[in-house]
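# Remarks on the overall topology
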Protein chains: 4
Amino acid sequence: MKGLKIAVIGGGSSYTPELIDGFIKRSKELKVNEIYLVDIEEGKEKLEIVGSLAKRMILKAGLDTKVILSLDRRSAIKNADFVLTQFRVGGLKAREKDELIPLKYNCLGQETTGAGGFAKALRTIPVIMDICKDIEELAPNAWLINFTNPAGLVTEAVLRYTKTKVIGLCNVPITMKKTTAKMLDVDENRLKMEIVGLNHLSWARKVYLDGDDITDKVIEMNLNSDELNMKNISNLGWNNIQLRSLRMIPSPYLRYYYMTDKMVMNEKRDVENGSGSRAQKVIEIEKQLFDLYKDERLDVKPIQLEQRGGAYYSDAAVSLISSIYNNKKDIHTVNIKNNGAITNLDDEVVIECDAIVDSTGARPITHGRLENEIFGLVSIVKSYEILTAEAAITGDYGKALLALSTHPLVPSIDIAESILNDILRENKEYLQQFKE
Amino acid sequence: MKGLKIAVIGGGSSYTPELIDGFIKRSKELKVNEIYLVDIEEGKEKLEIVGSLAKRMILKAGLDTKVILSLDRRSAIKNADFVLTQFRVGGLKAREKDELIPLKYNCLGQETTGAGGFAKALRTIPVIMDICKDIEELAPNAWLINFTNPAGLVTEAVLRYTKTKVIGLCNVPITMKKTTAKMLDVDENRLKMEIVGLNHLSWARKVYLDGDDITDKVIEMNLNSDELNMKNISNLGWNNIQLRSLRMIPSPYLRYYYMTDKMVMNEKRDVENGSGSRAQKVIEIEKQLFDLYKDERLDVKPIQLEQRGGAYYSDAAVSLISSIYNNKKDIHTVNIKNNGAITNLDDEVVIECDAIVDSTGARPITHGRLENEIFGLVSIVKSYEILTAEAAITGDYGKALLALSTHPLVPSIDIAESILNDILRENKEYLQQFKE
Amino acid sequence: MKGLKIAVIGGGSSYTPELIDGFIKRSKELKVNEIYLVDIEEGKEKLEIVGSLAKRMILKAGLDTKVILSLDRRSAIKNADFVLTQFRVGGLKAREKDELIPLKYNCLGQETTGAGGFAKALRTIPVIMDICKDIEELAPNAWLINFTNPAGLVTEAVLRYTKTKVIGLCNVPITMKKTTAKMLDVDENRLKMEIVGLNHLSWARKVYLDGDDITDKVIEMNLNSDELNMKNISNLGWNNIQLRSLRMIPSPYLRYYYMTDKMVMNEKRDVENGSGSRAQKVIEIEKQLFDLYKDERLDVKPIQLEQRGGAYYSDAAVSLISSIYNNKKDIHTVNIKNNGAITNLDDEVVIECDAIVDSTGARPITHGRLENEIFGLVSIVKSYEILTAEAAITGDYGKALLALSTHPLVPSIDIAESILNDILRENKEYLQQFKE
Amino acid sequence: MKGLKIAVIGGGSSYTPELIDGFIKRSKELKVNEIYLVDIEEGKEKLEIVGSLAKRMILKAGLDTKVILSLDRRSAIKNADFVLTQFRVGGLKAREKDELIPLKYNCLGQETTGAGGFAKALRTIPVIMDICKDIEELAPNAWLINFTNPAGLVTEAVLRYTKTKVIGLCNVPITMKKTTAKMLDVDENRLKMEIVGLNHLSWARKVYLDGDDITDKVIEMNLNSDELNMKNISNLGWNNIQLRSLRMIPSPYLRYYYMTDKMVMNEKRDVENGSGSRAQKVIEIEKQLFDLYKDERLDVKPIQLEQRGGAYYSDAAVSLISSIYNNKKDIHTVNIKNNGAITNLDDEVVIECDAIVDSTGARPITHGRLENEIFGLVSIVKSYEILTAEAAITGDYGKALLALSTHPLVPSIDIAESILNDILRENKEYLQQFKE
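Just so we're clear, the structure is a prediction, and the values are computed from it rather than from any experiment.

Moving on, we come to the overall build of chain A. Along the backbone of chain A there are 16 helices and 13 strands. For chain A, the spread of C-alpha atoms along the three principal axes comes to 60 × 55 × 45 Å. Taken across its 436 residues, chain A has 66% of its residues classed as buried. Sequence-distant contacts in chain A: of pairs separated by 6 or more residues, those separated by 24 or more amount to 71%. On chain A, roughly 15600 Å² of surface is accessible, and the fraction owed to carbon and sulfur atoms is 47%.

Structure below.
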């Protein structure tokens, strides 16, 4: 059993303790020699704080895994078995802009969906391209496990423009499963949810308990409860008639599409009444988390981390790594090349769906056609993603304008132009690909 | 050369003189024995006025075609060679509601696009289904030439739910070609425009003059001119960067999608300042037209008809009939089953594109893949159309809600629900398929 | 844990002890209340012999499963959880004809491939249609596990013309895996073979050992060994250049396509020199087996059964049943609706490939495009299968002629006609669907 | 009206007078300044004979078109508007080998179909690649009109491996139409035949007379007549039941697939009884033709040329050129990129079907799905073609073996290997791409 080298890009993230916790929990099945936590100069202080906690956690767990803190990405990637990307270009300050700029134009301001996600993609994709170049040179057999958001779009760019072996990961599917199991008060393993679509644009088409179809029952539960949601999403109730006709359970993120008006109104209200944007709230939470992390007596993942909004990421990521490493042939919901899994989407686009994972990687399970009720929305968002990936790489202003205006939550070409201009001006230092 | 029997459903329409004019102009190549102008009881007066004019026109032209006015649709259809549908369920009063209801919710109120077109489809499809039943029983070899709007959606319903041989027709493609020829000051026959998409959602991907690609030139002309438009559409200028990056010429109707905010604002302003909705303007125009038509001295198509907004319909329709009748093998832009013409849409959906027309009907020419810049929008509107056709036929409220909320110009499920409820209430007599 | 009712159609088969053995081996995970062994009047004696052995085996194993021998198919199917089909219409006598008729015309005479398989399909499909009617009426939730050959074609007919839930099964994929593991001297579970294609027309495109691609190595081993074969197939060596260029491991059955001339020559030689057709050999083996089975002291599966040629069937079948019953989510190679798994075949055709099996059934894993080197052959054989299914059901002579002449091992329409006429004449009693 | 420059590669062919005749007949609509007849050193004598005749024909017709005889291909191609390829690598001597080698192994020996066509493709494709390089450098806007056989496979190679604008042409579709019109004794223009498939592997799926479906009638006529055939194909009668069930009219070349045994027997008999292979007959015919051509008094196309077997080539070619030149928008049956025309073949493969031709080139008309009765055969031959194109370009022996063994008229891998070895040995000088 060969020990692994893991490189974590964005290692100074507040999420890192969860990841370390994930490796600790699976240490019997997953021998890790080295974990490189890599960050950039600006993140050095946070890296040191969270890195020290990581070391204490490993020590406490009695493992001999080495945790190395580094600002040198290339040495971290060199000969790595897995490269995990959880970085955030521009930090939470940039996220705040992503949330506030669209709101100026009464458009959704959200980290991954709509114009905010677009801005994040423009900043992120050039960096992930550089990382892929490093991987192809220094660790060509490594798997890139990407959680950097917008995870689907970033994975689309990697698959379209590099040769890096990549799997995109998100905590939404696993959260949907865990929450549904909790609502039903059953063990998660008895439950099967057929979740399919794109990242942050997916639906559970069927839910089975021990093989029995309980989809309608779970829909009714969702109509009467607000449990199935993510920490970062306004918890508006679903439209009863819609869900009963649709006969699927939408991902919590679908609220941004189905209830756009109210979601934008809530965001605006929060900003106006001083509650702040989600980024501002997260800045506060992060501050508290890092204060906690500094405590030298802390040597386990603090429970407060779960409020942060990224629950189950580590579980999904480390479990995926273990399936590859141990040739498990089990099922994970991942972002991956379609390859026929959804028959009415192109073979080469990235989708989010169940896949079999073993030592050769992930292969999607077939899901057939998307229904007309969801196909159109998936198609237009996928078109937006492909155009955005192209704009992010070429730095072509016109292409970026077409990309943004294609997004269904951007209501006109004029508003797209205004938002794009604001994004380019406010993110100048991170968007060097767009020449003046 | 066998003489034809033509049945015109909605024969009392103000457009009829244009149609008659079309038959007169082509009388050498197209021998017509009988033209049945059919209408319903409520339209009797208009039928008699326009029918008398039609008879005078035929007389003046020296033809022996019989014009028969009738309220009996079945006798008109019996053994007909071509059935032309240009009826309007609920008349212009219903159109006015279609335009005003969505505006209440700050949504586009338009005859064919968005929630207004949705309402019109719900009213129209049950009637066209009845007509198809009559055709299949009484004239199974007849061609149904449909111009009733929303023409693409209605044709989709006919192809999906009947066995009637149908071709859908619209004056937008022919208007785009004629106007472009006029802008270029060249003969229309030297020009080739590759127009493709859905009805009222199409783009000229390429324009050729004598085989030379002049697409970019025509784009620049459109950026500097407002000639390429329809009478019924606010003539907002296109976004320069958008069009130059897109490198296609959008149909005038694309303004509703690209400049939704301004288009809605203009509509609201017109209603608020007393200019009225488009329907109100058309009611006025129609009144004037029928006053003209009453004049017993009038025996030609009056020039004022061209203001009505439906220019070139007759030209398109009679020219199409002649191509079928005369086995011409020439090209028409029609609404027709895709059958591979657009490779990234399903084979069985109705698209609008160039087709070869001969005595066996219309066969589309291949157009390859729609580009990402337009594919997503086409996909979501086509999904909306298929769902709407299903809702119109089943009368299923939930399906209707999903259909309407799928339309990209309807911003949320709640607004969809409000609009749908208004539509059902205000159109009760025409929407018997929706049970209480 | 609910106990199962299993119905075995063709229960008097010499294979039955293997099936019983499979249930015994998995008795801890698979609680079976009743096994109905069903046969027809002509098979009564064999049913009683093998049924008695089955009962002795169950007794010896200390299980309380009831084994019921029956000539009443409907009572066996009623409320069954699984219906297993392993019957042979016309018995080995009909198989002998299937083998000898084509040989008269210098064509391959083989039970499942070519004209022999065609004849078997014509006899079998009407019977399986009847069984499916019974299942839909008497046990609508039952799974039909079909091994009756030609297994792929029969499954195609069931999926195309009934609503029965069906999975087709064959011992070739499992044999390929087991034999390769044996050749490599490694545990089977460390090996992954990506086997894809149609039943008896499949290739292992990739072989992995612990995740390392060892395809080329396995190809070399196959070029130097004759281990990877089935008992019933002449063991001719592969063409070295072909296999090295193809870079896949063909199923042993591919010999019939790649070395048609030699395979036919061998068959003719065997018949001429008195060794007899394969059917004649099997008749002899069966006789010996039933003599063994009669021995009241025998209460386990006799080792001689393995010579019969159907090794691993029971393993595959019972293992599949257990995966459904226990919601295992593990991988089986099965015959199943394509649904996008092979992107260049139609979604609705039956293919043979890896699928995830759980309590909701089997869902194929995506396999992408078939390479040009194998796609054409798969396409033409699949066309043959679809046409044959249609001919078997309609009894249309012309359709049957087109079907048979489509098969790549039938060299001309005239030979197809001669063979078809012989088949119809020699199988008259089983081919009532073909009217005079 | 700009005058054209035409380059004819293989200008010394005995067909050239037909081509010149075609230009003369269309001289009013097609102004040709220069016709370059190009050949290689070995063909110089024939070039001079046929070139002199061409000049006399032009003179007689009173045209001022210049006919230039040249061995310098590049100067002929430079700035040409159309490049016509009708060359034959290795001449009729090589054709004779193509016909005789496969016969040694009881396989079809035919110029375009089976192993003979394979050998011709291997010789031809490297030369056409060189021509395309010249065109891309010296006349990038030129259209390549290819008749060099195997025309479909050569066009496939050009479309797959070059950027040259190409249309492949064959006289089979036009011959089928003309002969059918003659059999029916009607004007060709009243007839529509929907011919679709691959080059030399096509079917008329429907025949219409003035828009009425007369397919069944034409099938009966074909069953009772041998008129619909090509000069070079043994005129065996069709199988009645097959054609009536198929309900299509097969191209005469389909005899090679449907009656392989008899066709091979006829070929063998001809060779054995001294009638010689088709090549030998053509050598004799050519000798006689060139004797005729030498006659200085001859200044028109001699009627004897029609026996040569290539009737209507010139008509098809010059008519196609005229449609492009005159922006005619009429229909030609051509070899062209599928692009969705046949929905169950890949978009990028070359098919033979009806296309609209205008100054921008040829765009196929949609034909929908190929029926199962013909789809499999088309698929396997298309797979063979793609593999052969790849083998011809790479000179990879293994790929060539896989290509040849994929052809449905090559019965086993061993025979493929023997034939391939003979081909490589006998064509050494023309197959430099295959290294020792």
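Here we take up the interface of chain A and chain B. Taken together, the contact pairs 35 residues of chain A with 35 residues of chain B. Together, A:N372, A:E373 and A:L402 form the three largest contributors to the area buried by chain A at its contact with chain B, with a combined 18%. Counting every contact that joins chain A to chain B gives six salt bridges. B:R369 is the partner of A:D346 in a salt bridge, and the nearest nitrogen-oxygen pair spans 2.6 Å. Here chain A is connected to chain B by 16 residue pairs in polar contact (both at pLDDT 80 or more). Contributions of two or more residues to the side of chain A that touches chain B are made by α9 (240-246), α10 (255-258), α11 (260-272), α14 (372-394), α15 (397-406) and α16 (413-426) of chain A. Broken down by element, the residue count for the side of chain A that touches chain B peaks at 10 residues, all from α14(A). Considered class by class, the residues forming the side of chain A that touches chain B number 16 nonpolar, 11 polar and eight charged.

Let's shift gears to the relation of the copies chain A and chain B. Overlaying chain A on chain B yields an RMSD of 0.0 Å, the required transformation being a rotation through 180 degrees with an accompanying axial translation of 0.0 Å. When the rotation and shift are considered jointly, the pair of chain copies conforms to a two-fold rotation axis. The fraction of interface residues of chain A whose copies in chain B are also interface residues reaches 100%, indicating that both copies meet through the same surface.

Attention shifts here to the arrangement of the chains. Considering only C-alpha positions, the minimal separation of the non-contacting chain B and chain C is 13 Å. Separated without contact, chain A and chain D have their nearest C-alpha atoms at a distance of 13 Å.

With that out of the way, let us pick up the environment of C:L236. Within the secondary structure, C:L236 sits in the loop between α8 (215-223) and α9 (240-246). Those residues in contact with C:L236, other than ones at most four positions away along the chain, are C:R255, C:M259, C:K262, C:M263 and C:N266.

Let's shift gears to the nonpolar core. Counting 212 residues, the largest nonpolar core has C:W203 and D:W203 as its most contacted members. Ranked by size, the runner-up nonpolar core spans 210 residues in total, among them A:A76, A:V89, A:I125 and B:A391.

The pLDDT averaged across chain A works out to 95; a share of 98% of its residues lies at or above 70. Scored as a complex, the prediction yields pTM 0.96 and ipTM 0.96.

Below, the discussion takes up the interface of chain C and chain D. The parts lose accessible area when they come together, and the size of an interface is often stated as this lost area. Every contact between the two is made by 35 residues of chain C and, on the other side, 35 residues of chain D. Carbon and sulfur atoms supply 55% of the area that chain C and chain D bury against each other, a total of about 2900 Å² over both sides. Between C:E373 and D:K399 there is a salt bridge, with the nearest N and O atoms lying 2.7 Å from each other. Elements represented by at least two residues in the side of chain C that touches chain D include exactly α9, α10 (255-258), α11 (260-272), α14 (372-394), α15 (397-406) and α16 (413-426) of chain C. Among the elements that take part in the side of chain C that touches chain D, α14(C) stands out by supplying 10 residues, more than any other. A per-class count over the side of chain C that touches chain D returns 16 nonpolar, 11 polar and eight charged.

This structure, assessed with the given rule, holds 153 salt bridges over all chains. Between D:R26 and D:D315 there is a salt bridge whose closest N-O contact spans 3.5 Å. Separated by 289 residues along the polypeptide, D:R26 in the loop between α1 (16-25) and β2 (32-38) and D:D315 in helix α13 (residues 313-325) bring together distant segments of the chain. The pair D:R26 / D:D315 is uniform in exposure class, with both members buried. Here the salt bridges share partners, and the residues they tie into one network are A:K25, A:R26, A:K178, A:E188 and A:D315.

To continue, consider the relation of the copies chain C and chain D. Between chain C and chain D, the superposition needs a rotation of 180 degrees and an axial shift of 0.0 Å, giving an RMSD of 0.0 Å. Of all interface residues in chain C, 100% are interface residues in chain D too; the two copies therefore contact each other through one and the same surface.

Let's shift gears to the environment of B:A317. Residue and element names in this part refer to chain B. For A317, the position within the fold is in helix α13 (residues 313-325). Through-space distance from the C-alpha of A317 to that of G22 is 8.1 Å; in sequence the pair is 295 residues apart. Residues contacting A317, with those up to four places away along its chain left out, are L19, F147 and L169.

All names here are of chain D. Axis separation between helix α2 (residues 44-61) and helix α12 (residues 278-294) bottoms out at 9 Å; the angle between their running directions is 50 degrees. Here α12 runs oblique to α2, going by the angle between their axes. In the packing of α2 onto α12, the handedness of the crossing is left-handed. Side by side, α2 and α12 meet where K46, I49, V50, L53 and R56 of the first sit next to E286, F290, Y293 and K294 of the second.

The peptide bond linking B:N149 to B:P150 adopts the cis configuration, its omega dihedral lying at -10 degrees. Here B:P150 is to be found in the loop between β5 (143-146) and α6 (151-161). The backbone of A:N79 sits at a positive phi, close to 60 degrees, despite the residue not being glycine. Considering the arrangement of structural elements, one finds A:N79 in the loop between α3 (73-77) and β4 (82-85).

Let us now look at the packing of aromatic side chains. Tallying each qualifying case throughout the model produces 24 aromatic pairs over all chains. Judged by centre distance (5.9 Å) and plane angle (50 degrees), the rings of A:Y15 and A:Y313 are tilted. Within this pair, whereas A:Y15 is found in the loop between β1 (4-9) and α1 (16-25), its partner A:Y313 is found in helix α13 (residues 313-325), the two being separated by 298 residues in sequence. An identical accessibility class is assigned to A:Y15 and A:Y313; each is buried. An angle of 40 degrees between the planes, with centres 6.4 Å apart, marks the rings of C:F118 and C:Y384 as tilted. With C:F118 in helix α5 (residues 114-138) and C:Y384 in helix α14, the pair connects residues that are 266 residues apart, well separated along the chain.

Bringing the side chain of B:T162 into the picture now. Residue and element names in this part refer to chain B. Looking at where T162 falls in the secondary structure, it is placed in the loop between α6 and β6 (165-168). On the basis of relative accessible area, T162 is assigned to the buried category, the value being 16%. A distance of 2.8 Å separates a polar atom in the side chain of T162 from the backbone oxygen of V158. A polar side-chain atom of T162 sits 3.1 Å from the main-chain amide nitrogen of T164.

This next bit is on the state of the cysteines. Residue and element names in this part refer to chain A. Applying the stated criterion across every chain, the model contains zero disulfides over all chains. Summary of cysteine pairing: C170 is not part of a disulfide, and the nearest cysteine sulfur, belonging to C353, is at 14 Å. The class of C170 is buried, set by a relative accessible area of 4%.

Our focus in this paragraph is the packing of helix α6 (residues 151-161) of chain D against helix α14 (residues 372-394) of chain D. Residues and elements named next belong to chain D. It is the contact of α6 with α14, at a shortest axis distance of 9 Å, that shows an interaxial angle of 60 degrees. When the axes of α6 and α14 are compared, the crossing they make is right-handed. Here G152, L153, E156, A157, R160 and Y161 of α6 come into contact with α14, specifically with K382, Y384, E385, I386, T388, A389, E390 and I393. Partitioning the contact of α6 with α14 into residue classes produces seven nonpolar, two polar and five charged.

Residue and element names in this part refer to chain B. Taking 1.5 Å as the rise per residue, α13 with 13 residues should run 18 Å; its terminal C-alpha atoms sit 18 Å apart, in good agreement. In terms of burial, α13 is largely enclosed, as 13 of its 13 residues are buried. Backbone geometry just after α13 places N327 at a positive phi near 55 degrees.

Another aspect to go through is α1(D). One turn of an α-helix holds 3.6 residues; hence residues three or four places apart share an orientation. All names here are of chain D. In terms of residue burial, α1 counts as a mostly covered element, since nine of its 10 residues are buried. Those residues of α1 that sit buried are T16, P17, E18, L19, I20, D21, G22, F23 and I24. For α1, the secondary structure elements touched by its buried residues are β1 (4-9), β2, α2, β4 (82-85), α12 and α13.

On to the pairing of strand β3 (residues 66-70) of chain C, then. All names here are of chain C. Pairing geometry for strand β2 (residues 32-38) and β3, over five bridges, is parallel. Among the inter-strand pairings, Y36 is bridged to a residue of β3, identified as I68. Following the chain from β2 across helix α2 (residues 44-61) to the adjacent parallel β3, one finds a crossover that is right-handed.

What counts, and at which threshold
- Residues numbered from 1 in each chain as written.
- Chains lettered and ligands numbered in written order.
- Predicted model: local features only at pLDDT ≥ 70, side-chain atom pairs only at ≥ 80, totals over all residues.
- Heavy atoms only, no water.
- Helix = DSSP H or I, 4+ residues; strand = E, 2+ residues; numbered from the N terminus.
- Buried < 20%, exposed > 50% of the residue type's maximum accessible area, 1.4 Å probe, protein only.
- Contact = heavy atoms within 4.5 Å.
- Areas by Shrake-Rupley, 256 points an atom, 1.4 Å probe, with all protein chains shown as cover.
- Buried area = accessible area lost by both parts, 1.4 Å probe.
- Salt bridge = Lys/Arg side-chain N within 4 Å of Asp/Glu carboxyl O.
- Polar contact = N/O pair within 3.5 Å; in protein donor to acceptor, adjacent residues only side chain to side chain.
- Nonpolar A, V, L, I, M, F, W, Y, C, P; charged D, E, K, R; others polar.
- Least-squares fit on C-alpha atoms with pLDDT ≥ 70 in both.
- Core = buried A, V, L, I, M, F, W, Y, C linked by side-chain atoms within 4.5 Å.
- pLDDT = per-residue confidence, 0-100.
- Axes fitted to C-alpha atoms, helices over the stretch in contact; angles between N-to-C directions.
- Parallel < 35°, antiparallel > 145°, perpendicular 65-115°, else oblique.
- Left-handed = near helix turned anticlockwise from the far one by under 90°.
- Phe/Tyr/Trp six-rings, centres within 6.5 Å; stacked < 30°, edge-to-face > 60°.
- Disulfide = S-S within 2.5 Å.
- Expected span 1.5 Å × (residues − 1).
- Pairing = 2+ DSSP bridges.
- Right-handed = clockwise from strand over helix to strand, strands pointing away.

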